[in-house]
Amino acid sequence: MKKQVQVWIFILLLVMCFLVFKFLLKPSFTDTYSPIEPIAMHSKGNGFVGSKACAACHLDIYKTHIETAHFKSSASANIKTVKGSFKAPENVFDLNDSIGFRMNIKKGALYQDIFLKPNNTPVSSSRFDVVIGSGTKGQSYLKWRDSSLYQLQVSYFTPNNSWVNSPGYPSDKLASDRPIFERCLECHLTYAKSTKRFYKRNSYKKTQMVYGIDCERCHGPALNHVNFHRKNPKDTVAMHIVKHSSLTRQQNLDACALCHSGLRMRGNKSPFSFVVGDTLNQFSTPDYTEEDLDKLDVHGNQYGLLSASECFKKSDVMDCTTCHNPHENQRDNHMSFNKKCQSCHNKKEAHVVCRVPEEVQKTSNNNCIHCHMPLVSSKVMKIETAIDTLKPVQVRTHLIGVYTSQ
Ligand code: HEC
Ligand code: HEC
Ligand code: HEC
Ligand code: HEC
Ligand code: HEC
Ligand code: HEC
Ligand code: HEC
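Residues numbered from 1 in each chain as written. Chains lettered and ligands numbered in written order. Predicted model: local features only at pLDDT ≥ 70, side-chain atom pairs only at ≥ 80, totals over all residues. Heavy atoms only, no water.

Novice: Residues and numbers for the nonpolar core, please.
Specialist: Counting 19 residues, the largest nonpolar core has Phe157, Phe274, Leu280, Tyr303, Phe312, Ile383 and Val393 as its most contacted members. Of all the elements in the fold, those that place two or more residues in this core are α8 (249-260), α9 (302-307) and β18 (389-396). What Phe274 contacts, discounting residues up to four positions off in sequence, is Arg217, Asp254, Leu258, Thr279, Leu280 and Phe283. Grouped together as the second largest cluster of nonpolar side chains are 17 residues, Ala77, Phe93, Tyr141 and Trp163 included. (Core = buried A, V, L, I, M, F, W, Y, C linked by side-chain atoms within 4.5 Å. Buried < 20%, exposed > 50% of the residue type's maximum accessible area, 1.4 Å probe, protein only. Helix = DSSP H or I, 4+ residues; strand = E, 2+ residues; numbered from the N terminus. Contact = heavy atoms within 4.5 Å.)

Here you go:
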């Protein structure tokens, strides 16, 4: 009898333990998997979470991605992200004989101060709020006025390591503030939400700016993917995310052509509405035809130039990722690019091989790119390095071909 009571008490204790475990301890388990909050919402409904949220499960990609020009293509302005100097004498830029700019740090914030010569009479002071450009070739800067964005008149030009007049600005006078429309942000940010429609299209929801060309620019807003996999850590099949491997060649090309096929003609779809997997021509159309190759600029139109090359036209598979790993900074790693050329241009693959004797190729370090994808001056991106002297920016052409002058 006594034994039976003991057994019953034991069973009761077990049941109690189970209930305590189930109802009292459970909240701390759900805590671990509590849904992550979005940092911005796309107009199509899904949320952005930012690359830090991907690091937990895709650490290797995250680590190399934050070193890319894409990730650094826009940011909040601070002493680390702004490349130009705030130390005298490099912090000064003379627009002309009567107007000067001085870049100063005041209470931890960065400013462009404009003054009149010769007495240093102050004219205006504007804060650097947003940086556009990783600084590979240069940077431009934006300031907030309430919820509207405007460009500063100074920019930075990396080859000269100096402040310059922003491209397209007058050098004989101060420019009025140039509003920054969504079109400009579309190629340099992951997301920005415009708040006004028909006028003042330079107003944005300040709290929903997603700087940098981050993971979700190329993979789509990933809130549902992240929440699913946090909740189901044992599932190894990717859910709620676009799979590049199941997209068509054109869809994969479009994912890059969105920003690398020049200034396209826009229909009635608003910037930032395109997401990977969409067909770009339903959102905007090229502003050139196959016939007028001359109109294509080396700056910003890698897609147009590549698609006019024999390599592209005579291959069924070539796209941007044939040569580029979008998760890595591969700048100047020419040897790794040359291997890509040789993966098709070798005697085994039965494609044509270089007709230039090996001794001559050696004079250019066997560098296919040096001879077949040379640096070409941009017709549209020009920097005023000295008063009335425009210097074109050099960009590598994607019109792969035979260039006799190299
Ligand atoms: C809690 C874990 C987790 C987080 C956080 C996470 N993922 Fe994933 N992701 C997975 C798993 C699991 C897979 C499937 C296995 C694999 O491909 O690694 C996957 C696969 C992917 C794929 C490949 C899809 C395919 O098959 O082609 C992409 C792209 C991707 N994730 C993007 C992201 C992005 C972008 C973020 C951040 C916004 C992110 N993931 C955050 C777990 C996660
Ligand atoms: C949202 C617009 C956008 C998309 C989408 C995009 N790019 Fe870019 N890409 C840029 C911008 C802007 C830069 C210049 C970044 C900078 O230096 O500030 C750039 C730079 C690059 C560079 C030069 C990197 C360097 O080290 O200087 C390569 C290569 C490149 N992109 C390839 C690609 C490929 C491949 C894809 C598709 C998988 C792609 N991009 C998709 C906007 C984009
Ligand atoms: C410039 C566009 C771009 C950016 C930015 C980008 N990806 Fe990708 N990602 C791609 C493309 C294109 C593929 C398909 C690659 C291929 O087919 O070679 C891919 C493939 C993947 C895959 C599946 C294949 C693999 O390599 O494991 C994962 C996972 C992934 N990306 C996660 C991320 C995460 C996480 C980030 C940010 C830390 C990120 N990507 C940033 C374009 C991008
Ligand atoms: C159609 C897409 C597109 C638009 C719109 C665009 N850019 Fe760019 N921008 C690019 C690409 C792509 C690159 C780099 C690759 C190249 O030179 O082709 C670039 C490069 C730059 C660079 C040099 C970055 C570096 O570090 O090398 C700056 C600065 C810049 N853009 C500023 C701007 C500003 C400011 C605007 C708006 C007024 C703007 N861009 C509009 C695509 C665009
Ligand atoms: C995916 C395979 C592939 C890759 C990668 C590739 N090519 Fe090609 N390339 C081709 C094909 C196919 C042709 C056309 C051959 C023919 O006419 O039969 C071609 C043609 C050429 C031509 C002749 C162009 C002309 O106008 O007559 C040159 C030069 C060339 N490639 C150089 C390169 C260089 C340099 C690289 C690396 C940056 C490269 N290719 C990468 C497939 C490729
Ligand atoms: C056949 C190989 C190949 C293909 C395919 C290719 N690229 Fe490139 N790309 C290169 C090489 C080589 C460079 C020069 C890299 C360097 O100098 O660091 C380059 C450089 C770039 C740059 C930087 C240009 C500069 O001078 O700043 C951008 C942007 C770029 N590629 C975008 C793209 C896009 C977008 C696509 C697809 C439409 C693409 N590339 C396809 C080989 C290729
Ligand atoms: C020193 C400059 C130089 C270097 C380096 C070089 N090439 Fe060439 N290549 C040329 C010239 C010039 C021609 C045209 C020769 C002719 O028509 O007689 C050519 C022709 C070609 C052709 C077209 C052949 C045909 O029959 O139409 C291909 C393909 C090619 N090169 C690929 C490559 C590859 C791949 C590499 C790197 C392994 C490379 N080249 C390195 C200068 C160079």
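We are not done yet, so read on.
Novice: Kindly report on the coordination of the iron atom of ligand 3, identifying the contributing residues and their values.
Specialist: Around the iron atom of ligand 3, the protein contributes the donor atoms His219 (NE2) and His327 (NE2), which lie 2.0 Å from the metal centre. For His327, a relative accessible area of 26% puts it in the partly exposed group. (Donors = N, O, S within 2.8 Å, 3.2 Å for Na, K, Ca; no water.)

Novice: Help me get a handle on the pairing of strand β17 (residues 375-386), residues and values and all.
Specialist: Every regular strand shows the same layout, with side chains that alternate between the two sheet faces. As paired elements, β17 and β18 share seven bridges and run antiparallel to each other. Considered in β18, the bridge of Lys382 is made with Pro392. Following β17, the chain reverses through two residues before pairing antiparallel with β18; Asp388 in that reversal takes a positive phi of roughly 60°. (Pairing = 2+ DSSP bridges.)

Novice: Tell me about the pattern of salt bridges, residues and numbers included.
Specialist: Throughout the structure, instances matching the rule amount to twelve salt bridges. In this structure, the salt-bridge partner of Glu186 is Arg183, at a minimum N-O distance of 3.4 Å. Of the two residues, Glu186 and Arg183 both sit in helix α5 (residues 182-186), three residues apart, roughly one turn of that helix. According to the relative accessible area criterion, Glu186 is buried, its value standing at 3%. By relative accessible area, Arg183 is classed as partly exposed at 29%. Glu310 is paired through a salt bridge with Lys314; the nearest N and O atoms lie 3.0 Å apart. Using a relative accessible area of 43% as the deciding quantity, one classes Glu310 as partly exposed. A residue is classified by how much of its surface remains accessible, and Lys314, at 66% relative accessible area, is exposed. (Salt bridge = Lys/Arg side-chain N within 4 Å of Asp/Glu carboxyl O.)

Novice: Can you tell me about the pairing of strand β7 (residues 121-127), naming the residues and giving the values?
Specialist: When strand β6 (residues 109-116) meets β7, the two strands line up antiparallel, connected through six bridges. Opposite Asp113, over in β7, you have Ser125 as the bridge partner. Linking β6 to β7, which pair antiparallel, is a turn of four residues; within it Asn120 sits at a positive phi near 60°.

Novice: Tell me what's going on with the coordination of the iron atom of ligand 6, and back it up with residues and numbers.
Specialist: The protein atoms that coordinate the iron atom of ligand 6 are His324 (NE2) and His398 (NE2), at distances of 2.0 Å. Considering all six donor atoms around the iron atom of ligand 6, the spread of angles at the metal, 87 to 179°, places the coordination shape in the octahedral class. Taken together, the residues span a long stretch of sequence, with His324 in the loop between α10 (310-313) and α11 (334-344) and His398 in the segment after β18 at a distance of 74 residues. (Tetrahedral: all angles 85-135°; square planar, octahedral: opposite > 155°, others 65-115°.)

Novice: Outline the sheet that holds strand β5 (residues 99-106), supporting the account with residue identities and numerical values.
Specialist: Sheet strands pair via backbone hydrogen bonds, and the direction of the pair is either parallel or antiparallel. Here we have four strands laid out as an open sheet, ordered β4-β5-β6-β7, and antiparallel in their pairing. Here the strands that pair on one side only, and so sit at the sheet edges, are β4 (92-94) and β7. Ignoring strand direction, the axes of neighbouring strands in this sheet form an average angle of 25°. Here β4 pairs with β5 via three bridges, running antiparallel. (Axes fitted to C-alpha atoms, helices over the stretch in contact; angles between N-to-C directions.)

Novice: Which residues make up empty space enclosed by the protein, and what values do they have?
Specialist: In the structure shown here, the tally under the stated rule is three cavities of 30 Å³ or more. Considering only enclosed or pocket space, the largest cavity measures out at about 60 Å³ in volume. Split into classes, the residues belonging to the lining of the largest cavity amount to six nonpolar, three polar and two charged. (1 Å grid on protein atoms, 1.4 Å probe; cavity = no way out; pocket = protein on both sides within 12 Å on 5 of 7 lines; lining within 4 Å. Points joined across faces, edges and corners; volume = space filled by probe spheres on them. Nonpolar A, V, L, I, M, F, W, Y, C, P; charged D, E, K, R; others polar.)

Novice: Could you give an account of the environment of Cys341, naming the residues involved and the relevant values?
Specialist: Locating Cys341 in the fold gives a position in helix α11. Between the C-alpha atom of Cys341 and that of Leu189, which follows or precedes it by 152 residues, the distance is 31 Å.

Novice: I'd like a rundown of helix α7 (residues 223-231), residues and numbers included.
Specialist: The set of residues buried in α7 consists of Leu223, His225, Val226, Asn227, Phe228 and His229. Elements that come into contact with the buried residues of α7 comprise β2 (47-48) and α6 (215-219).

Novice: Any chance you could break down the environment of Asp97 for me, citing the residues and the numbers?
Specialist: Inspection of the secondary structure assignment puts Asp97 in the loop between β4 and β5. Looking at Asp97, the relative accessible area reads 72%, which means it is exposed. A sequence separation of 19 residues divides Asp97 from Leu116, and the C-alpha atoms of the two residues are 9.1 Å apart.

Novice: Break down the site of ligand 5 for me, citing the residues and quoting the values.
Specialist: In the vicinity of ligand 5, 16 residues are found, and the nearest of them are Cys311, Cys341, Cys344, His345 and His372. Here an oxygen atom of ligand 5 sits 3.4 Å away from a polar atom, N or O, in the side chain of Lys314. His345 is positioned such that a nitrogen or oxygen atom in its side chain is 2.8 Å from a nitrogen atom of ligand 5. Going through the elements one at a time, α10, α11 and α13 (368-372) are the ones with two or more residues in the shell around ligand 5. For the shell around ligand 5, the leading source of residues is α11, giving three residues. Looking at the shell around ligand 5 residue by residue, the classes come out as eight nonpolar, five polar and three charged. (Near = heavy atom within 4 Å. Polar contact = N/O pair within 3.5 Å; in protein donor to acceptor, adjacent residues only side chain to side chain.)

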